[in-house]
Amino acid sequence: MAEKDLNVAFTDEKYATKQEVANVYGSSLITDSLWVKISEYRKQYRLTLSLTDTRKTPYFLTLTPRINFKISNAFTKLNETLAKINKLKNESASLYNKFVSLKNKEILSKILNDTNTNFLASILNGTANNLKGLEEDKDLAIGYYNAISNLFKTKELAVDEDSLINLYMDVSRNYELTTLYRRLDFMAKKSLIARDFNGVPSTYIDIYMNQLFKFIEDDKYYPLTKGIISFFDILMIKPFEKYNELLGILLFKKILFSSSYDENIYLLPFECLLKDANKVNKILNDVYKTNDITYLAMYFVELIDQIYIETLDLITNINLKEAVEEKRQPEEEFETLVDEIKEDVVVTETTEVEEISPKSTNKPTKKKENLDTPTVSREQIAISTSIPTIDEKD
C-alpha cells in the first residue's frame, strides 16, 4: 500500500493510535517511521483549541475532509433523530409520553446497579424523592432524574458557572453547598470513568473553569464539537468532589440545547458511555497523552450512530404496537357486546339458551393507519476546513 494510502487509512478510515499501528506491523522500526508520516499528514488538518492542559499545552482536533464529513453526518443524524421524536409528539401525545418514559428508564438503567421496575416507576412519578437511607446508586439516580427533568421542563439556555452549580446540587441532592467547587485534591477512585486522572489542584479549579466557560461562549466552534470537548475538559478538571462524569454528560447536552437543538436532546441516552467504561477510559488516556481530542470525537460519532438507530427503532416499534392495538380493539368490542347480550337472556330450568353469534362472519375492522413517515431532508452542516497549523512536538 502506498505511503499516502496508509496515512489516510490510519487517519480517515480509522483514527488509530501509535499502539494500534504497532499492533498491525509489529516492528518498532517500521511503526516509528510510519508514525512520523501519519503525524505529518494529520498536522496539515490540525485545529488548535483555546483550552490547555495543566502543562499549558493546547488541545487540538484533526479535521481532515473525511473526519469533517463524519462529524457533520453525526450532526445531521442528531437532527433527524429529534425530528422523528417531534413528529411522534405532534401525532400522538400518548405515544410521545410513552416514548419519554421509556427513554428516561433507559437513562436511569445506565446509573442503577439494579433496575427494579417498581423503583424506576417511583423515580418517574416523584415518590422516590421522599425515600431515605438508599444505596448510593439509587440516590444518585433520583438526583440525576431531577436534574434532567428540570432541564427538560425549564428549557434554561444559560451555560455558565451558576447553571453548572445548580446541576450539581440537583444530581447530588445537596442544596446546602458552602463552596462552589471542591477544596481538597481529588481522589480518582470516586469516578465511574476517568479514574486515572486526579483533576487539577483545587487551587487552580477557578482558573480552568473560567477558561472552559470562555471556550463555550466562543461561537467559532460548532455545537457538537464544543460539547464533546467540554465533556472531556470537565473530566480533566474534576471541579466537584464526585459525579463529574455525569455533570460532563449534562453539560454536553445543555450545550447542544442552548445552540440549536430542542429539549428532546435530554432524552437521548449518552449516559450509555458509563457502561462502556473500559473503552472510554482507554480513549481518555489516549487524549491525555497526545492532547488530540479527535480520538474522543470519533467515539462520539459512533455513539451518535448507535443512538440514532436505536431511537428510530423504538419509535417504529411504538407506532407498530399502537397499530396492532387499534386493529384488535374492534374485535374485543364485538366479543364484549356478545357477552352483554348473553347476560341479558333469562335462563330457566326449562329454557334452552342458544349461543348468540353474529349473523355475518365478517368482523368489523378499523382501517389501518399509514405508518410511513415522510423523509426528513438532510441539511449538511459543514465544519470549516480552513485550519491553522502549528508545529507538533516530537
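Residues numbered from 1 in each chain as written. Predicted model: local features only at pLDDT ≥ 70, side-chain atom pairs only at ≥ 80, totals over all residues. Heavy atoms only, no water.

Before going further, it helps to spend a moment on the pairing of strand β1 (residues 46–52). Among the seven residues of β1, six are classified as buried, and the element is accordingly described as predominantly covered. In this structure, β1 lies alongside strand β2 (residues 58–62), joined through four bridges in antiparallel fashion. From the neighbouring strand, T48 faces β2, where its bridge partner is F60. (Buried < 20%, exposed > 50% of the residue type's maximum accessible area, 1.4 Å probe, protein only. Helix = DSSP H or I, 4+ residues; strand = E, 2+ residues; numbered from the N terminus. Pairing = 2+ DSSP bridges.)

Let us look at the confidence of the model for the protein chain. On average, residues of the protein chain score 83 in pLDDT, and 80% of them are at 70 or above. Of all secondary-structure elements in the protein chain, the lowest mean pLDDT belongs to helix α13 (residues 294–344), at 81, while β2 reaches the highest, 97. Overall, residues 347–394 carries pLDDT values under 50, and its contacts beyond four positions in sequence, including any with other chains, amount to 65 contacts. (pLDDT = per-residue confidence, 0-100. Contact = heavy atoms within 4.5 Å.)

A few words now on the side chain of T17. Along the chain, T17 turns up in the loop between α1 (3–13) and α2 (18–25). The buried category is assigned to T17, whose relative accessible area is 8%. Setting aside chain neighbours within four positions, we find T17 in contact with W35, K282, D286 and Y295.

Moving on: the pattern of salt bridges. When their charged atoms lie close together, side chains carrying opposite charge are able to pair. Going through the model one piece at a time under the given rule, you end up with 14 salt bridges. With a shortest N-O distance of 3.6 Å, E263 and K89 are connected by a salt bridge. Of the two residues, E263 is situated in the loop between α11 (244–259) and α12 (277–290) and K89 in helix α4 (residues 65–91); the sequence distance between them amounts to 174 residues. E271 is the salt-bridge partner of K253, the closest N and O atoms lying 2.8 Å from each other. Of this pair, K253 sits in helix α11 while E271 sits in the loop between α11 and α12; the two residues are 18 residues apart in sequence, bridging distant segments of the chain. (Salt bridge = Lys/Arg side-chain N within 4 Å of Asp/Glu carboxyl O.)

Once that is clear, we can look at empty space enclosed by the protein. This model, assessed by the stated rule, comprises two cavities of 30 Å³ or more. Looking at the second largest cavity, its volume works out to about 30 Å³. Along the walls of the second largest cavity sit V159, D160, S163, L164, L167, F213 and L251, which together make up its complete lining. Ranked by residue count, the leading element in the lining of the second largest cavity is helix α8 (residues 161–172), at three residues. Its residues assigned to classes, the lining of the second largest cavity comprises five nonpolar, one polar and one charged. (1 Å grid on protein atoms, 1.4 Å probe; cavity = no way out; pocket = protein on both sides within 12 Å on 5 of 7 lines; lining within 4 Å. Points joined across faces, edges and corners; volume = space filled by probe spheres on them. Nonpolar A, V, L, I, M, F, W, Y, C, P; charged D, E, K, R; others polar.)

All right, on to the nonpolar core then. Counting 110 residues, the largest nonpolar core has L224, F270, L273 and L296 as its most contacted members. The dominant element in this core, judged by the number of residues it contributes, is α13, at twelve residues. Once residues within four sequence positions are removed from consideration, L224 is found in contact with I71, A74, F75, L78, F252, L256 and I304. (Core = buried A, V, L, I, M, F, W, Y, C linked by side-chain atoms within 4.5 Å.)

Attention now goes to the packing of α2 against helix α3 (residues 28–43). Where α2 meets α3, the closest approach of the two axes is 9 Å, and the angle between their N-to-C directions is 135°. Between α2 and α3, the interaxial angle falls into the category oblique. Where α2 crosses over α3, the two elements pack in a sense that is right-handed. Along its contact with α2, which presents K18, V21, A22 and Y25, the element α3 presents I30, T31, D32, L34, W35 and I38. For the contact of α2 with α3, a count of residues per class yields seven nonpolar, one polar and two charged. (Axes fitted to C-alpha atoms, helices over the stretch in contact; angles between N-to-C directions. Parallel < 35°, antiparallel > 145°, perpendicular 65-115°, else oblique. Left-handed = near helix turned anticlockwise from the far one by under 90°.)

Right, let's talk about the packing of aromatic side chains for a bit. For any two aromatic rings, the description comes down to two numbers: the centre-to-centre distance and the angle of the planes. Tallying each qualifying case throughout the model produces 14 aromatic pairs. Measuring from ring centre to ring centre gives 5.2 Å for Y59 and F232, while their planes differ by 90°; the resulting arrangement is edge-to-face. One end of the pair, Y59, is in strand β2; the other, F232, is in helix α10 (residues 223–237), and 173 residues separate them in sequence. Taking relative accessible area as the criterion, F232 reaches 0% and is therefore assigned buried. Clustering of aromatic rings is evident, with ring pairs tying together F231, F252, F270, Y299 and F300. The cationic tip of R55 hangs over the ring face of Y288; the distance from NZ or CZ to the ring centre is 5.0 Å. (Phe/Tyr/Trp six-rings, centres within 6.5 Å; stacked < 30°, edge-to-face > 60°. Lys NZ or Arg CZ within 6 Å of the ring centre and 35° of its normal.)

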